[in-house]
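For reference, the chains in residue letters:
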Amino acid sequence: MLDHPDRLLPADPNVRAVARRLLAEVEQLPIVSPHGHTDPRWYAENAPFPDPARLFVVPDHYVFRMLYSQGVPLEALGVPRRDGGATEQDGRAIWRLFAAHYHLFRGTPTRLWLDHAFATLFGLEERLGPDNADRHYDTIAEHLARDAFRPRALFERFNIEVIATTESPLDDLKWHAMIRDSGWSGRVITAYRPDPVVDPEFEGFRDNLAKLGEITGEDTLTYQGYLAAHRRRRAFFKSFGATSSDHGHPTAATFDLDPVEAEALFRRVTGNASVSAADAELFRGQMLTEMAAMSLDDGLVLQIHPGALRNHNGAVFARHGRDMGADVPTATEYVRALAPLLERFGNEKDLTVILFTLDETAYARELAPLAGHYPALRLGPAWWFHDSPEGMRRFREMTTETAGFYNTVGFNDDTRAFPSIPARHDVARRIDCGFLASLVCEHRLDEDEAVEVARALAYGLAKKAYRL
Amino acid sequence: MLDHPDRLLPADPNVRAVARRLLAEVEQLPIVSPHGHTDPRWYAENAPFPDPARLFVVPDHYVFRMLYSQGVPLEALGVPRRDGGATEQDGRAIWRLFAAHYHLFRGTPTRLWLDHAFATLFGLEERLGPDNADRHYDTIAEHLARDAFRPRALFERFNIEVIATTESPLDDLKWHAMIRDSGWSGRVITAYRPDPVVDPEFEGFRDNLAKLGEITGEDTLTYQGYLAAHRRRRAFFKSFGATSSDHGHPTAATFDLDPVEAEALFRRVTGNASVSAADAELFRGQMLTEMAAMSLDDGLVLQIHPGALRNHNGAVFARHGRDMGADVPTATEYVRALAPLLERFGNEKDLTVILFTLDETAYARELAPLAGHYPALRLGPAWWFHDSPEGMRRFREMTTETAGFYNTVGFNDDTRAFPSIPARHDVARRIDCGFLASLVCEHRLDEDEAVEVARALAYGLAKKAYRL
Amino acid sequence: MLDHPDRLLPADPNVRAVARRLLAEVEQLPIVSPHGHTDPRWYAENAPFPDPARLFVVPDHYVFRMLYSQGVPLEALGVPRRDGGATEQDGRAIWRLFAAHYHLFRGTPTRLWLDHAFATLFGLEERLGPDNADRHYDTIAEHLARDAFRPRALFERFNIEVIATTESPLDDLKWHAMIRDSGWSGRVITAYRPDPVVDPEFEGFRDNLAKLGEITGEDTLTYQGYLAAHRRRRAFFKSFGATSSDHGHPTAATFDLDPVEAEALFRRVTGNASVSAADAELFRGQMLTEMAAMSLDDGLVLQIHPGALRNHNGAVFARHGRDMGADVPTATEYVRALAPLLERFGNEKDLTVILFTLDETAYARELAPLAGHYPALRLGPAWWFHDSPEGMRRFREMTTETAGFYNTVGFNDDTRAFPSIPARHDVARRIDCGFLASLVCEHRLDEDEAVEVARALAYGLAKKAYRL
């Protein structure tokens, strides 16, 4: 049974009984998805999803990185090559290869998400494997052709109250405009992700600045013009529902330079000479503080996602490009890194900065103590590699005692894998209910309180923290 | 029920049954509190505690940091301002604000400690909240006015066999003298905490040295005179029962300079020029080794509490001063840091150095391997942010397999919150009994052994390690 | 009962029932021991083991480090002194001292291993302690005198299918030759551990190079000759069954210098001047990449064991030498450190690099993400201080969700304590079955899959990863 009603609930019968009662209080709540990477074009065009392989395998780096680690070439999985070289085009062939390696996902969250989608969307009851690969493929393909499986229908079936996508300031938000103009009632909002024009080491940074200048009519070769351009684009994004900005930096470094230093830095990173690593780091960190200043004006919530070393595998990057499963976490320091931003804005009650980490050692040591003190700080949920049952348990065990529940912000699915969204929220709800049930059974929390907390974690805190 | 007899015991019925039996063996043992920060004046004057807010809220940074993190101004909680600015003076108003935010403590140890005190001291059965804030306030206030709730009566009710406070070498120990002269039988001892005259970055360091010279009659502007002054004050502290010194440094660094280098360093940190960060670190580290040398002579146990970055929030420090909930842990290295001290004294059986950490990653990686080898080393209990059910479980899970139980030193309550002392020891006993019960149920330990270990962890090891 | 059938299985009755069924599927499987440090002379000469103390206490640093940490001199435990000074020679006296301190091992894996050996090999039913020390000693001594307790008989009784020892390239493998020539059917293979001729900081490095030149007939004072000498010795080791090399470095650093730089570096580390720490690090890291290149040619699996700071206690090193329980783990970075090797060889399907760590923080943050992507990488099991029930649980909890089970390599006993080998494999099998049973009971894995995984973890993965 791919979708057992007790899955992920604690094994102890007494704890499980409490967890079931808590889950019953939250499992029908709408999905609030304040941070993710689904493609707004899906909701705009509402075209059918292509075949099963192109829905579940080809675009999902969680899936293909595992197969690649065991020797399956990315080409055989249909992952496009930058040079246009041949890759497998037959969805069924990709699917068979995937099914033959499905055992690799034992014990992983990917397996949970996939099984949940197979069971709840397509009525599949059998575990995927080489023997039933074709049967599963046909069943899924047949469903995907139906109107009830188009993006908007799924959005409604998933009970999504609001979902945020993520766009660059250079994006024209045309798909968001098309959604708005369509009259469809689904709430799809954007989020402001300015890395391409904030990170001097981003591919095409200077061209991106020029383009930002064209779009905004600001002189983005001066620091004031550059900042003004951000303000304009943030306002534009807000007009498409944005309530947050998001920043994916290699570290959590922030800086708060005086205006003269900041201008000089801006000239260095936008000048003709190559940018030093130190200046790039300084500029990214300075911009986090500038963004916090803008947030105080326009109300956007500031999300910081630090600590991923991108494109670790040069050969894979050369052949296939970014986001190919070769990003790897690194140790991430927060206490000194965030000091400049916090020194300036940490005591602001009207600012919300949401911190994420790929380095779990920071939970109890740095993040919970910071978030349990500064009014401006909140902790984002377990992220990326840690968006998993054990990862979520560790998050609660290591943050709750110092930061409490109310300095956290509920769940982010953070995904481009649309059919996994209900599964991911379901996992989070189950793990949180299990954790709360343990507190109840150890008499650390009363059950009526646990119900309130469970509802907050599943729904209320995300709405509040993200101002939705 | 605020004080359930099974609280914090493992949920599994079989494990819980064993844990209950172990707990029954230790829950009546006297409290040995070898490290803490209660005010000796309380025991000396034996005056009634003021109102409930001034007992439970105003002085407890665990409490007010959480409220502050959610936007409650410290002034509204009665926390004094350095500039004498207005703060809330009405205890009942503070209490109501506290009660209105009591849900923030769900899942935190503060909640456990408070509920335990409310139930066991004041007979309160209902969870605190906005609706019953006044009723709780009145009940507590009414009790605090009784003789049975004065400090000495509570000390006896708490079954405290011995408690250590912490004083600076510049303290005249007058409250300790008053306690001694009073003829009261309660055993309140001091501990030697020389940070103000050891840390060149401490506020007023050079004035402090001058004052130390006056007190001791030693020439504290020479290194030999300075060391002699320490020896004198340690002897004085011993005459008030001290069995330990305590050192709160930003890192665990130790050094063992040759005498010429050490003298030159002393001249630099006490001279007129400003002290470099490197020299400050060097001097603190050198002094740990000097203190270890003195410990071999006078028998004081050496406690090292490293890794807190103090006063992270400049605005809060400017407005309210030290210890306002804005200290934050940092990553802390021990293996190389302690090498100089250990190279000189690590093999001494007559020396006891007790190590603490705010960085749990050091437990299994560094601290347990060091303490499982060096005769001079012992591990202090889970500390500060980790003085919590999950923190204590992680401590046992990550240290026991390499260091065993007998290289640890039992529990420290480390608190200035007097009414929380029984609750804190109760939490430690329950978590340790639960951990031991798990070992019994997994057939890793026999139950008769678990009883012995439980008694050692609750009582015997603290007496032995701290030479009490 | 020293050897309870349910030991280490989860306490919850439902989970335990599943764990028992899984364990029944694997507990009779042969032992594959692909990485360890038993003495090949034992199997070659097949002489009786000496007395109980010399089997269980004197050579086992896990045992004597714990006693030493509590003040027992190593001399009193019979640990030889480098200066030939007096040490206890009476096995019975050593044994009594050991028995008097047996309580120190409560909660440690050493206790589990010893109890298991006492029970299964010698039929001892009572816990060791001061009162029965002599009885245990006599019983064990009496057994050791029997033919059935000689090394080869124990090897067979332990159901060891294959065991690897570890030798230096300077070793003549004469004991391996003697085993081979004896006609005995036991499969004892060697492994190539070239630290003495790879690490410029190893005692006698330059003499070792000269000796390597003599043995191989290559000019080991040129880089090409030096590399050729490695190739020859690797081939020689392969002729004695070696399927792996093993590298114990202070860090995980790898480098991939161009040939001119590499030659210049080789001249520096082999020249007359003293070698800088930076050059030593560079050379060790360069050699890992060179070894990977050789592995692609000869098929040896490359094991990297980084992160131990050796000989932390100078006095113990001076008196007793290496491997005296004074090696301590340090924080270990992998992502940047391994990049040069991975950039060159990480995508090679025919290469297997097995990574170990003493720094558990790397499991979820660095090692699982790397191993879940690179085809050449696999994760070795929980190592050394973490070769323990809690250590193994953390390993599974922190690696499985990102790397899965199939990027791990089963269990290594890594021991020179021969009688502990079955106990160590037994612990691993029980912990893994317990972990799998939890997944089954939380409906994250079907039981038939758990059986397959349990068999892979206990047997199949080690054979496959180590090419045995």
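Residues numbered from 1 in each chain as written. Chains lettered and ligands numbered in written order. Predicted model: local features only at pLDDT ≥ 70, side-chain atom pairs only at ≥ 80, totals over all residues. Heavy atoms only, no water.

Caption draft 1: Highlighting helix 17 (residues 362-371) of chain A. Burial analysis of helix 17 of chain A places 10 of its 10 residues in the buried class, which makes it a mostly covered element. Among the residues of helix 17 of chain A, those classed as buried are A:Ala362, A:Tyr363, A:Ala364, A:Arg365, A:Glu366, A:Leu367, A:Ala368, A:Pro369, A:Leu370 and A:Ala371. (Buried < 20%, exposed > 50% of the residue type's maximum accessible area, 1.4 Å probe, protein only. Helix = DSSP H or I, 4+ residues; strand = E, 2+ residues; numbered from the N terminus.)

Caption draft 2: Inspection of the sheet that holds strand 1 (residues 31-33) of chain C at higher detail. Residue and element names in this part refer to chain C. Reading across the sheet, the three strands line up as 1-2-3 and stay open at both edges, with parallel pairing between neighbours. The open sheet has two edge strands with one neighbour each: strand 1 and strand 3 (188-189). For strand 1 and strand 2 (residues 160-164), the ladder comprises three bridges, and the chain directions are parallel. Its bridge partner being in strand 2, Ser 33 is matched across the sheet by Ile 163. Strands strand 1 and strand 2 of the sheet are contacted by helix 19 (residues 421-441), whose axis makes an angle of about 105 degrees with strand 1. (Pairing = 2+ DSSP bridges. Contact = heavy atoms within 4.5 Å. Axes fitted to C-alpha atoms, helices over the stretch in contact; angles between N-to-C directions.)

Caption draft 3: Main features of the sheet that holds strand 1 (residues 31-33) of chain A. Residue and element names in this part refer to chain A. Reading across the sheet, the three strands line up as 1-2-3 and stay open at both edges, with parallel pairing between neighbours. Every interior strand has two partners, whereas the edge strands, strand 1 and strand 3 (188-189), have only one. Running at roughly 105 degrees to strand 1, helix 19 (residues 421-441) makes contact with strand 1 and strand 2 (160-164) of the sheet.

Caption draft 4: Seen up close, the pattern of salt bridges. Taken as a whole and assessed by the stated rule, the structure comprises 147 salt bridges over all chains. The salt bridge partner of A:Arg396 is A:Asp432, with a shortest N-O separation of 2.8 Å. Of the two residues, A:Arg396 is situated in helix 18 (residues 389-403) and A:Asp432 in helix 19; the sequence distance between them amounts to 36 residues. Just as A:Arg396 is buried, A:Asp432 falls in that class too. Across the pair B:Arg267 and B:Glu263 runs a salt bridge, and its minimum N-O distance is 4.0 Å. Within this pair, B:Arg267 and its partner B:Glu263 are both found in helix 13 (residues 259-270), separated by four residues, close to a single helical turn. (Salt bridge = Lys/Arg side-chain N within 4 Å of Asp/Glu carboxyl O.)

Caption draft 5: Structural view of the pairing of strand 5 (residues 301-304) of chain C. Residue and element names in this part refer to chain C. Side chains of strand 5 alternate between two faces, with Val 301 and Gln 303 and Leu 302 and Ile 304 buried alike. Judged from the four bridges that link them, strand 4 (residues 244-247) and strand 5 form a sheet pairing that is parallel. Residue Ser 244 lies in a different strand from strand 5, and its bridge partner there is Val 301. Strand direction decides the pairing type here: strand 5 and strand 8 (residues 353-355), joined by three bridges, are parallel. Paired with Gln 303 across the bridge in strand 8 is Ile 354.

Caption draft 6: A look at the relation of the copies chain B and chain C. Overlaying chain B on chain C yields an RMSD of 0.0 Å, the required transformation being a rotation through 120 degrees with an accompanying axial translation of 0.0 Å. The transformation just described matches what one would write down for a three-fold rotation axis. An asymmetric contact is evident, with only 5% of the interface residues of chain B recurring at the interface of chain C. (Least-squares fit on C-alpha atoms with pLDDT ≥ 70 in both.)

Caption draft 7: Summary view of the packing of aromatic side chains. The full count for this structure, using the stated rule, is 101 aromatic pairs over all chains. Centroid distance B:Trp95 to B:Phe98: 5.2 Å. Interplanar angle 65 degrees. Geometry classified as edge-to-face. Pair noted here: B:Trp95 and B:Phe98 are both in helix 5 (residues 91-100), with a separation of three residues, about one helical turn. In terms of burial, B:Trp95 and B:Phe98 fall into one category: buried. Geometrically, the ring pair formed by C:Tyr102 and C:Phe105 is tilted, given 6.1 Å between the ring centres and 50 degrees between the ring planes. Grouping residues by exposure puts C:Tyr102 and C:Phe105 together as buried. Taken together, A:Phe56, A:Trp95, A:Phe98, A:Tyr102, A:Phe105, A:Phe118, A:Phe122, A:Tyr137 and A:Phe149 form an aromatic cluster joined through their ring pairs. Above the face of the C:Tyr62 ring, C:Arg424 is positioned so that its terminal group lies 5.3 Å from the ring centre. A cation over an aromatic ring shows up here: C:Arg424 above the ring of C:Trp113, its NZ or CZ 3.6 Å from the ring centre. (Phe/Tyr/Trp six-rings, centres within 6.5 Å; stacked < 30°, edge-to-face > 60°. Lys NZ or Arg CZ within 6 Å of the ring centre and 35° of its normal.)

Caption draft 8: Just the relation of the copies chain A and chain C, in detail. Once chain A is rotated about the relating axis by 120 degrees and shifted along it by 0.0 Å, it coincides with chain C to within an RMSD of 0.0 Å. Of all interface residues in chain A, a mere 4% are interface residues in chain C too; the two copies therefore contact each other through different surfaces.

Caption draft 9: Broad picture of the side chain of B:Asp413. Residues and elements named next belong to chain B. Along the chain, Asp 413 falls in the loop between helix 18 (389-403) and helix 19 (421-441). Of the side chains with opposite charge, Arg 424 comes closest to the buried, unpaired Asp 413, at an N-O distance of 6.0 Å. Among the polar contacts listed, one links the side chain of Asp 413 to the side chain of Ser 33, at a separation of 2.6 Å. A distance of 2.9 Å separates polar atoms of two side chains, one belonging to Asp 413 and the other to His 425. (Lys, Arg positive; Asp, Glu negative; His and termini not counted. Polar contact = N/O pair within 3.5 Å; in protein donor to acceptor, adjacent residues only side chain to side chain.)

Caption draft 10: Geometry of the interface of chain B and chain C. Across the contact, 43 residues belong to chain B and 50 residues belong to chain C. Contact between chain B and chain C buries roughly 3,900 Å² in total, counting both sides, with carbon and sulfur atoms accounting for 49%. The interface formed by chain B and chain C includes nine salt bridges. In this structure, the salt-bridge partner of B:Arg365 is C:Asp359, at a minimum N-O distance of 3.1 Å. (Buried area = accessible area lost by both parts, 1.4 Å probe.)

Caption draft 11: Structural view of the packing of helix 5 of chain B against helix 7 (residues 133-144) of chain B. Residue and element names in this part refer to chain B. Their axes nearest at 9 Å, the elements helix 5 and helix 7 cross at an angle of 130 degrees. The angle between helix 5 and helix 7 falls in the class oblique. When you trace helix 5 past helix 7, the crossing you get is right-handed. Here Gly 91, Arg 92, Trp 95, Arg 96 and Ala 99 of helix 5 lie close against helix 7, whose contacting residues are Ala 133, Asp 134, His 136, Tyr 137, Asp 138 and Ile 140. Classifying every residue of the contact of helix 5 with helix 7 by side-chain character gives five nonpolar, two polar and four charged. (Parallel < 35°, antiparallel > 145°, perpendicular 65-115°, else oblique. Left-handed = near helix turned anticlockwise from the far one by under 90°. Nonpolar A, V, L, I, M, F, W, Y, C, P; charged D, E, K, R; others polar.)

Caption draft 12: Region of interest: the interface of chain A and chain C. The interface is formed by 50 residues belonging to chain A together with 43 residues belonging to chain C. Carbon and sulfur atoms supply 49% of the area that chain A and chain C bury against each other, a total of about 3,900 Å² over both sides. For the pair chain A and chain C, the number of links is nine salt bridges. The interface formed by chain A and chain C includes 31 residue pairs in polar contact (both at pLDDT 80 or more). Contributing elements (two or more residues each) for the side of chain A that touches chain C: helix 1 (13-26), helix 4 (61-69), helix 6 (109-122), helix 15 (314-320), strand 7 (328-329) and helix 18 of chain A. Tallying contributions element by element places helix 18 of chain A first for the side of chain A that touches chain C, with five residues.

Caption draft 13: The nonpolar core, seen in detail. Of all hydrophobic cores here, the largest spans 166 residues; its most connected members are A:Tyr226, A:Leu436, B:Phe56, B:Trp95 and B:Phe118. Sequence-distant contacts of A:Tyr226, defined by excluding residues within four places in its chain, comprise A:Val197, A:Val198, A:Leu209, A:Leu212, A:Asp219, A:Thr220, A:Phe266, A:Phe283 and A:Met287. Counting residues in hydrophobic clusters, the runner-up holds 85 residues, among them C:Ile304, C:Ala362, C:Met398 and C:Tyr466. (Core = buried A, V, L, I, M, F, W, Y, C linked by side-chain atoms within 4.5 Å.)

Caption draft 14: Expanded view of the packing of helix 12 (residues 223-239) of chain A against helix 13 (residues 259-270) of chain A. Residue and element names in this part refer to chain A. Contact geometry for helix 12 and helix 13: axes closest at 9 Å, N-to-C directions at 85 degrees. Here helix 13 runs roughly perpendicular to helix 12, going by the angle between their axes. The segment helix 12 lies against helix 13, with Tyr 223, Gln 224 and Tyr 226 engaging Ala 262, Glu 263 and Phe 266. Within the contact of helix 12 with helix 13, the residues separate by chemical class into four nonpolar, one polar and one charged.

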